[in-house]
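Take a look at the letters that make up each chain.
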Amino acid sequence: MLELKCLRLSQDKLAALIEITPQEAHVSESDIRALILRSDYSHYFFDDEAIADAVAKFAELRESPELIEQWGQTFVKLANIRNAEITLDVSEDKMVARATITGAYGGKAISQGDLVNAMKEAGVIFGLQKKRALSLLSLAKDIQPGEKIKKVVALGRKPIDGEDSRFERFVATPKERLLKPKETDDGRVDMRDLGNLETVEPDTELMRRHPHTFGHEGKDVLGEPLPFKQGHEIPFTVGEGTTISADDANLLLAARTGLPLEIENGMKVDDVLSIKNVDVTNGHVDFAGSVLIKGNIGDGMKVKATGDIHVNGFVESADISAGGDIVIGKGVIGHRLMEGDDNYSCSVSAAGELHATFVQYSKITAGKDVTITSQLLHSKIETDGKVTVSDASGLRGTLVGGSINAGGEISAVVLGATAGTATQLTISGDFDDIQEERRSLNGIKHNLHEKLSKVLDAQMKLSSTKQQDREEGTAEKLAATLHHTRQELVQIDFALDYNQQMEEQFFANAKLTVRKELHPNVRLDIVGQKLFTNREYGPTQTQYENGKISFTPLKPGS
């Protein structure tokens, strides 16, 4: 058995040595390792190759004892002192730097200076996390030799985008009454009681503009700045009947008595014509402003307004049109003028949005979104916006029969009927305009490439012409044309990229969503791609992938 006296410290005190002396028994690597572990050098770094060399020398001396005279006093370096080591790695996005410390083998621990130097060598000059770094250094003092410990020591600062001005409205608008019916004393909701349609008086606070924020740039751990988007101040849209407060430039007030209506980045207050009912007793209505009808619009009547039209009751086989939104508290009821015909006795046209509780056998035209909170039956809908047949809870809303041509998403809680009633849905939006723009851009790009080719040919031809035979200024003109043409090509490529984004955005919005039941005989046409239901489906949505549209189960919470 090897004795501890075989080991000694090197003169530089950085290594443990073993003396090669004659041994009665064979000396193995395990014997040597056990010897080191029993010694004061157990925390040194073992040199595997040196241990193997020592074993070989012991074996050689055991076979030929006379070698001891030839070798003399022979030592082999078995284990070394190693200082702790530190390495830094920076994340791919350069926002996080992590330090890894490997425990010392009898050597020095990592100091704050070592950490700072390692960070500098890795190029990390920003975002030092002092508490984390000190914690790492403290923990590293107690780890075993060769053990590794890793912690974040620097973090970049993300850029903060500024926010544009935002607008906070203080008064309710008429369409909110339809979406939020009154709650009764027993906690239930009365869908027929929409509450009073309130008007505003002069100096009523309508809307506040909250100031924009500038934001600030970020910086990664290498000290490189990260760009940010600056917020912009958006001015009030001061609609008719409103004014900005003399005491507060961010406050919009009513300037007259009327109906408050929200417009983009502002409000307006419409003159209001209030009528109990529209029927043969008071005749048709044509009003420059908004019209409030507390009761119903009767059979064969016409109502036209430049502003909004709000009907607390029913619209029955009437013709109404508005330059703004139309909100109908109860329902729109019509009938086919001829069996099998798409012409209906009731026509409702809004330049803005349309909201109603239910619609049947009617033609609806809208410039923006159409929202039906209960039922949409056997009607013709044409809108540049989306169509939603659902209440606020998403639990009720049935769409059966008729046809819809929408610019965006069509959604319903229940779509179609178990009897297989034919229902035609079309989503077209501005897809044709996007495609036409792409064709135009590709045509321009083709012409520019031809022009580029001609300019390059001309330059090549000019280069083979003797200097004295060249027309003065020709080379400069060709170079300028070449540069300008290449710039135009870059701009066209940017425009084509944006066009592609517009197409992708179109398909992201052009979808069908059914939250509960999708029945047979529903035909869907999204810019020429057609789907047809021949069976019952549960919650369903369409999915656009690899240029094709398909039905897929609706994910919970979507």
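Residues numbered from 1 in each chain as written. Predicted model: local features only at pLDDT ≥ 70, side-chain atom pairs only at ≥ 80, totals over all residues. Heavy atoms only, no water.

Draft legend 1. Spotlight on the sheet that holds strand β17 (residues 259-263). The sheet built from 3 strands is open, its strands ordered β14-β18-β17 with mixed pairing. At either end of the open sheet lies a strand with only one pairing partner, and these are β14 (237-238) and β17. Looking at chain direction, β14 and strand β18 (residues 266-270) are connected through 2 bridges and run parallel. Its bridge partner lying in β18, Thr237 is registered against Gly266. (Pairing = 2+ DSSP bridges. Helix = DSSP H or I, 4+ residues; strand = E, 2+ residues; numbered from the N terminus.)

Draft legend 2. Up close: unusual backbone geometry. Residue Lys94 is not a glycine yet carries a positive backbone phi of 65°. Along the polypeptide, Lys94 turns up in the loop between β5 (85-90) and β6 (96-102). Unlike most non-glycine residues, Tyr361 shows phi in positive territory, near 45°.

Draft legend 3. Structural context of helix α7 (residues 431-463). The first and last C-alpha atoms of α7 sit 48 Å apart over 33 residues, in line with the 48 Å expected at 1.5 Å per residue. Every buried residue of α7 is accounted for by Phe431, Ile434, Gln435, Arg438, Leu441, Leu448, Leu452, Val455 and Leu462. Against the buried residues of α7 lie α8 (474-509). (Expected span 1.5 Å × (residues − 1). Buried < 20%, exposed > 50% of the residue type's maximum accessible area, 1.4 Å probe, protein only. Contact = heavy atoms within 4.5 Å.)

Draft legend 4. Broad picture of the packing of aromatic side chains. Within this structure, the stated rule accounts for 9 aromatic pairs. Ring plane angle 80° and centroid distance 4.9 Å describe the contact between Phe45 and Tyr105, whose orientation is recorded as edge-to-face. Of the two residues, Phe45 is situated in strand β3 (residues 45-46) and Tyr105 in the loop between β6 and α4 (112-121); the sequence distance between them amounts to 60 residues. For Phe45, a relative accessible area of 22% puts it in the partly exposed group. Arranged with centres 5.4 Å apart and planes meeting at 55°, the rings of Tyr537 and Phe551 form a pair that is tilted. Note that Tyr537 is positioned in the loop between β39 (529-532) and β40 (540-545) and Phe551 in strand β41 (residues 548-553), a separation of 14 residues in sequence. Each residue in the set Phe431, Phe506, Phe507 and Tyr544 is aromatic and connected to the rest through ring pairs, giving one cluster. Lying across the ring of Phe45, Arg82 places its NZ or CZ 3.6 Å from the centre. (Phe/Tyr/Trp six-rings, centres within 6.5 Å; stacked < 30°, edge-to-face > 60°. Lys NZ or Arg CZ within 6 Å of the ring centre and 35° of its normal.)

Draft legend 5. Representation of the side chain of Thr540 within the structure. For Thr540, the position within the fold is in strand β40. Since its relative accessible area comes to 5%, Thr540 is described here as buried. Engagement of the side chain of Thr540 in a polar contact is seen with the backbone oxygen of Gly538, the distance being 2.6 Å. With residues near it in sequence (within four places) discarded, Thr540 still touches Leu512, Thr513, Val514, Leu518, Phe551, Thr552 and Leu554. (Polar contact = N/O pair within 3.5 Å; in protein donor to acceptor, adjacent residues only side chain to side chain.)

Draft legend 6. Molecular detail of the confidence of the model for the chain. Scored by pLDDT, the chain has a mean of 89; 95% of the residues are at 70 or more. The low-confidence segment residues 189-196, where pLDDT is below 50, has 19 contacts with residues more than four positions distant or belonging to other chains. (pLDDT = per-residue confidence, 0-100.)

Draft legend 7. View of the pattern of salt bridges. A complete count under the given rule lists 14 salt bridges for this structure. One salt bridge connects Arg256 with Asp271, and the closest N-O pair in it is separated by 3.7 Å. One end of the pair, Arg256, is in the loop between β16 (251-254) and β17; the other, Asp271, is in the loop between β18 and β19 (272-275), with 15 residues separating them in the sequence. The exposure class assigned to Arg256 is partly exposed, which follows from its relative accessible area of 24%. Residue classification places Asp271 among the partly exposed residues on the basis of a relative accessible area of 35%. (Salt bridge = Lys/Arg side-chain N within 4 Å of Asp/Glu carboxyl O.)

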